[in-house]
Amino acid sequence: MEISVSDTGVGVPPESLERIFRPFYTTKRGGTGLGLSLCRRIIRQHGGTLSVESKLGKGSRFIIRLPCARQSRNPEKSMSNEKVLIIDDEKLIRWSVRRQLEEWAIRPWRPKVARGD
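*Asks:* Even after reading the chapter, I still don't get the environment of Pro23, so can you show me in this structure?
*Replies:* Tracing the sequence through the fold places Pro23 in the loop between helix H1 (14–17) and helix H2 (35–45). Taking the C-alpha atoms as reference, Pro23 lies 8.0 Å from Leu36; in sequence the two are 13 residues apart. Filtering out sequence-adjacent residues up to four positions away, Pro23 remains in contact with Gly33 and Ser37.

*Asks:* What is the right way to look at the pattern of salt bridges in this model?
*Replies:* Side chains bearing opposite charge may pair, as long as their charged atoms lie close to each other. Scanning the model with the defined rule gives 4 salt bridges in all. The closest approach of N and O atoms between Arg65 and Glu2, which form a salt bridge, is 2.9 Å. One end of the pair, Arg65, is in strand S3 (residues 59–65); the other, Glu2, is in strand S1 (residues 2–6), and 63 residues separate them in sequence. Given the relative accessible area of 39%, Arg65 is considered partly exposed. We classify Glu2 as partly exposed; its relative accessible area is 44%. Put simply, Glu102 and Arg99 hold a salt bridge, and the shortest N to O gap is 2.9 Å. Here Arg99 and Glu102 lie together in helix H4 (residues 91–103), a separation of 3 residues that amounts to about one turn. For Glu102, a relative accessible area of 39% corresponds to the partly exposed category. By relative accessible area, Arg99 is classed as partly exposed at 36%.

*Asks:* How should I be thinking about the sheet that holds S1 in this particular structure?
*Replies:* By way of backbone hydrogen bonds, the strands of a sheet pair with one another, either parallel or antiparallel. The 3 strands are arranged S1-S3-S2 in an open sheet whose pairing can be described as antiparallel. Because the sheet does not close on itself, it has two edges, and the strands there are S1 and strand S2 (49–55). Across the sheet, the mean angle from the axis of one strand to that of its neighbour is 15°, orientation sign disregarded. Taken together, the 5 bridges between S1 and S3 define a ladder with antiparallel strand orientation. Residue pairing for S3: Ser6 is matched across the bridge by Arg61. Each of S2 and S3 is contacted by H2, which is oriented at about 140° to S2, the strand it contacts most.

Each value, and the rule that gives it
- Residues numbered from 1 in each chain as written.
- Predicted model: local features only at pLDDT ≥ 70, side-chain atom pairs only at ≥ 80, totals over all residues.
- Heavy atoms only, no water.
- Helix = DSSP H or I, 4+ residues; strand = E, 2+ residues; numbered from the N terminus.
- Contact = heavy atoms within 4.5 Å.
- Salt bridge = Lys/Arg side-chain N within 4 Å of Asp/Glu carboxyl O.
- Buried < 20%, exposed > 50% of the residue type's maximum accessible area, 1.4 Å probe, protein only.
- Pairing = 2+ DSSP bridges.
- Axes fitted to C-alpha atoms, helices over the stretch in contact; angles between N-to-C directions.

Shown next as structure tokens:
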């Protein structure tokens, strides 16, 4: 399966492309430099890849490739006890992901500190 996310922002300078997935590397003021490195690590743990294509002044495209899972014999039963922790700094994204997971009968797990939204 391939998922791509694109923007029309300023793009990533060529000299930064090799470093953007390194922990603590950031070009954003106040950034932690952990977002892309964590994403890549999680995707790799699931047997996938995360790559980027970028052009200055045009934007960037991040490509996630994941192997397809075998279909469960009883998908409702196999997913009914699953929990997923949703982490994002955008409230709209957390809300959208939570709604989609609930449609799939997966319970989003939210620690007490995140229950405000």
